[in-house]
Amino acid sequence: MAQNMMNAFRASDLNRRILFTFLMLVVFRVGAHVPIPGVHASVIQSLFLHGATIFALLNLFSGGATATLSIFALSIIPYINASIIMQLMTVVIPAVEEWSKEGEEGQKKMTKVTRWLSLGLGALQSLGIAYYLYNYSSNGEFAYIHHTIASLLLTALLLLTGSTILMWVGEEITDKGIGNGISLLVFFGIISRLPFGVEQLYKYIQAGIISWPKIIIFLIVAVIIIAAVVFVNEGQRKIPVQYPKRVVGRRMYQGQNTHLPIRVNQAGVIPVIFAISLLILPYTIGQFFKGGWVSELERYFGFTSPLYIVAEFVLVVVFTFFYTQVVFKVDDVADNLKKGGGYIPGIRPGRPTAEYLGRVSSRLTLIGAIFLGIVAILPSFVTMGMGVNGLYFGGTSLLIIVGVALDTLKQMQAQMLMKQYQGFMK
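Quick caveat: nothing in here was measured; it's all calculated off a predicted structure. Within every chain, residues take consecutive numbers counted from 1 along the sequence as written. The predicted origin of the model limits local features to residues at a pLDDT of at least 70 and limits the giving and counting of side-chain atom pairs to 80 or more, whereas totals for whole chains, interfaces and linings rest on all residues. Note that water and hydrogens are dropped before the side-chain values are worked out from all heavy atoms of the structure.

A few words on the overall build of the chain. Labels follow the DSSP assignment, with helices taken as runs of H or I lasting at least four residues and strands as runs of E lasting at least two, numbered in each case from the N terminus. A tally of regular secondary structure across the chain gives 17 helices and six strands. Looking at the chain residue by residue over its 426 residues, the buried ones come to 48%. Whether two residues are in contact is decided by their heavy atoms: any pair within 4.5 Å suffices. Pairs at least 24 residues apart make up 74% of the contacts formed inside the chain by residues separated by at least 6 positions. Accessible area of the chain: about 21800 Å², with a carbon and sulfur share of 66%. Using a 1.4 Å probe on the protein chains alone, a residue whose accessible area is under 20% of its type maximum counts as buried, one over 50% counts as exposed, and one in between counts as partly exposed. Methods summary: accessible areas were calculated by the Shrake-Rupley approach with a probe of 1.4 Å, and residue burial reflects only the protein chains presented.

This part takes up the environment of Ile76. Tracing the backbone through its elements, the reader meets Ile76 in the loop between α4 (54-61) and α5 (77-92). Among all residues touching Ile76, those that are not within four sequence positions of it are Leu166, Met167, Ile182, Leu185 and Val186.

A few words on the packing of aromatic side chains. Geometry of an aromatic ring pair is reported as the spacing of the ring centres plus the angle between the planes. Aromatic pairing here means that ring centres of Phe, Tyr or Trp (its six-membered ring) are within 6.5 Å. Orientation follows from the plane angle: under 30 degrees is stacked, over 60 is edge-to-face, and everything else is tilted. Under the definition given, this model contains three aromatic pairs. With a centroid separation of 6.4 Å and an interplanar angle of 20 degrees, the aromatic rings of Phe28 and Phe72 are classed as stacked. One end of the pair, Phe28, is in helix α2 (residues 12-31); the other, Phe72, is in the loop between α4 and α5, with 44 residues separating them in the sequence. Measuring from centroid to centroid gives 6.5 Å for Tyr134 and Tyr144, while their planes differ by 45 degrees, and the two rings are tilted. With Tyr134 in helix α7 (residues 104-135) and Tyr144 in the loop between β2 (141-142) and α8 (149-176), this pair connects stretches of sequence that are 10 residues apart.

Turning to the packing of α7 against α8, a few remarks are in order. Close contact between α7 and α8 brings their axes to 8 Å; oriented N to C, the two are set at 145 degrees. In this structure, α7 crosses over α8, and the sense of that crossing is right-handed. Contacts from Thr111, Arg115, Ser118, Leu119, Gly122, Ala123, Ser126, Leu127, Ile129, Ala130, Tyr131 and Tyr134 of α7 reach α8 at Ile149, Leu152, Leu153, Thr155, Ala156, Leu159, Leu160, Thr164, Met167 and Glu171. Under this grouping Gly is polar, as are all residues other than the nonpolar Ala, Val, Leu, Ile, Met, Phe, Trp, Tyr, Cys and Pro and the charged Asp, Glu, Lys and Arg. Residue composition of the contact of α7 with α8, by class: 14 nonpolar, six polar and two charged. What counts as an axis is a line fitted to C-alpha atoms, over the stretch in contact for a helix, and the angles between N-to-C directions run from 0 to 180 degrees. Helix crossings get a hand from a simple test, with the near helix turned counterclockwise from the far one by less than a right angle marking a left-handed crossing and a clockwise turn marking a right-handed one.

Each residue carries a pLDDT score, the predictor's confidence in it, ranging from 0 to 100. Taken as a whole, the chain shows an average pLDDT of 77; of its residues, 79% reach a score of 70 or greater. Considering each helix and strand of the chain separately, the mean pLDDT is smallest for helix α1 (residues 2-10), with a value of 56, and largest for α8, with 89. Across residues 421-426, where pLDDT falls below 50, the model places zero contacts with residues more than four positions away in sequence or in other chains.

On to a nonpolar patch on the surface, then. Like-charged residues are merged into a patch within 9 Å and nonpolar side chains (Val, Leu, Ile, Met, Phe, Trp, Tyr) within 5 Å, provided each residue has over 30% relative accessible area and no salt bridge. The term salt bridge refers to a side-chain nitrogen of Lys or Arg lying within 4 Å of a carboxyl oxygen of Asp or Glu. On the surface, a cluster of nonpolar side chains totalling about 520 Å² of accessible area is made up of Leu19, Phe22, Leu23, Val26, Val30 and Val34. Within the secondary structure layout, Phe22 lies in helix α2. Given a relative accessible area of 52%, Phe22 falls into the exposed group.

A word on the environment of Gln411. You can see Gln411 is positioned in helix α17 (residues 395-425). Looking at Gln411, the relative accessible area reads 35%, which means it is partly exposed. In this view, Gln411 contacts Ile178, Gly179 and Asn180; residues no more than four positions away in its chain are not counted.

Looking now at helix α9 (residues 181-191). For an α-helix, the turn length of 3.6 residues means that residues three or four places apart are oriented alike. Within α9, nine of the 11 residues are buried, which leaves it mostly tucked inside the rest of the structure. Residues Gly181, Ile182, Ser183, Leu184, Leu185, Val186, Phe187, Gly189 and Ile190 constitute the buried set of α9. Measuring from the backbone nitrogen of Ile182 back to the side-chain oxygen at the start of α9 gives 3.1 Å, which picks out Asn180 as the cap. In protein, a polar contact requires one atom able to donate a hydrogen and another able to accept it; more generally it is a pair of N or O atoms within 3.5 Å, and residues adjacent in sequence count only if both atoms are side-chain atoms.

The next subject is unusual backbone geometry. Phi angles above zero are rare outside glycine, and Ser75 is one such case at about 60 degrees. Here Ser75 is to be found in the loop between α4 and α5.

Moving on, we get to the nonpolar core. In this description, a nonpolar core means a group of buried Ala, Val, Leu, Ile, Met, Phe, Trp, Tyr and Cys residues linked to one another through side-chain atoms lying within 4.5 Å. Core analysis: the biggest nonpolar cluster contains 80 residues, and Leu133, Leu185, Ile239 and Leu357 have the highest contact counts within it. Counting residues per element, this core draws most heavily on helix α16 (residues 351-386), at eight residues. Residue contacts for Leu357: discarding those within four places in its chain leaves Ile239, Leu260, Ile262, Phe328, Val330, Val333, Ala334 and Ile344. Of all hydrophobic cores here, the second largest spans six residues; its members include Leu201, Tyr204, Ile205 and Ile210.

Under the definition given, this model contains six salt bridges. Lys108 is the partner of Glu105 in a salt bridge, and the nearest nitrogen-oxygen pair spans 3.9 Å. Here Lys108 and Glu105 lie together in helix α7, a separation of three residues that amounts to about one turn. Take Lys108: its relative accessible area is 48%, and that puts it in the partly exposed class. Between Arg351 and Glu355 there is a salt bridge, with its nearest N and O atoms 3.7 Å apart. With Arg351 and Glu355 both in helix α16, this residue pair falls four residues apart, about one helical turn.

Turning our attention to helix α15 (residues 330-339). Listed in full, the buried residues belonging to α15 are Val330, Val333, Ala334 and Leu337. The arc enclosing the buried residues of α15, seen along the axis, measures out at 95 degrees, which places them on a common side. Every exposed residue of α15 that faces more than 90 degrees away from the buried side is listed here: Asn336 and Lys339. Of the residues flanking the end of α15, it is Gly341, one or two places downstream, whose phi is positive at about 85 degrees. Think of it as the arc spanned by the lines of direction from the helix axis to the C-beta atoms.

Let us look at the packing of α5 against α7. Between α5 and α7, whose axes approach to 8 Å, the crossing angle comes to 130 degrees. Taken as axis vectors, α5 and α7 run oblique relative to one another. Considering only the axes of α5 and α7, their crossing is right-handed. Along its contact with α5, which presents Ile77, Pro78, Tyr79, Asn81, Ala82, Ser83, Ile85, Met86 and Thr90, the element α7 presents Met110, Val113, Thr114, Leu117, Ser118, Leu121, Gly122 and Gln125. Across the contact of α5 with α7, the residue classes tally to 10 nonpolar, seven polar and no charged. Should an angle fall under 35 degrees it is taken as roughly parallel, and over 145 as roughly antiparallel, whereas 65 to 115 is taken as roughly perpendicular and any remaining angle as oblique.

What follows is the structure, given as structure tokens:
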């Protein structure tokens, strides 16, 4: 491992990418500690004393920025929601589907629409949070130092600005750095909360709220989840593919046997992030209104409520199937095999191959989707089982951390391999 890391830093291009990613993540962490002016910190902190709420979950993904109401308190949730909507539009709207097939130019169009949509959703969510704080008070003290509409609008504007900056940071990391920028921002947001989580557990132990046997069981479950996530993420089925002899010009190429790998979890951690982001949206919209039904919405969409648990499981499963269909298009794979002269033994090229790959992919995706759904809802059961509120570092967090870490290491390995091949050819 040490030698591989040394090789990574010797590769000049990879070195630059790692350094750029590091600098962008520094920007993310610095911004998370820049508070929005004109608010009472004690009142904001009281929001997180009422148990497991959506605010606390959002605070986990933003790396603690929500608890201090920093400029990055909204995190990249609006951009994730916009990406969800754009993915859905590729299925519903033919024009957007054509964009997805136009290569780089089509991707530019989709990215532009996603950015504008992200701004719209960010404005809606930032206004929702700002309006909620405008009506919120603790011990007779309002959240804003100057309880005016101007303070509300300033807070919404700064929240939207911070979310837009994070959108840019994520895209820059994806383009010029290592790994998926959006996933890395969520990854480091969760990692930054680890010391706080350990400190919180220690306080619970000292107060006698949590016993050592429960802590041991918690750690054993965490190790099992990590092992299971690695096993499922690396699990794949190898479909045998054969290529016959070919004559190209005056040269004859021998036939070869290879395989087409189909992963059990082709969607990665994206469905989990999508599902949680979508569940936050109705809670935010509810802040614009008053009445008893808003309180009911907060109660039903609480972190440990049965409706939230069921909705999260269903959304994770649905998004897993949907995202797998987006990233693994069986018709395109079958068409490429046919054009290259390859075929699956016992399966006719063309449409039968696509149908066969679709069946195999659906079965594997079902296993991966159920696994993701179970892991995603584990934190809610851990919170209820241990009898404490605020412990959000559970299955979802471990799933994101392990999944993003594996994907980033694979990209680093691919970069090193490309560098070695380039040096060998020279």
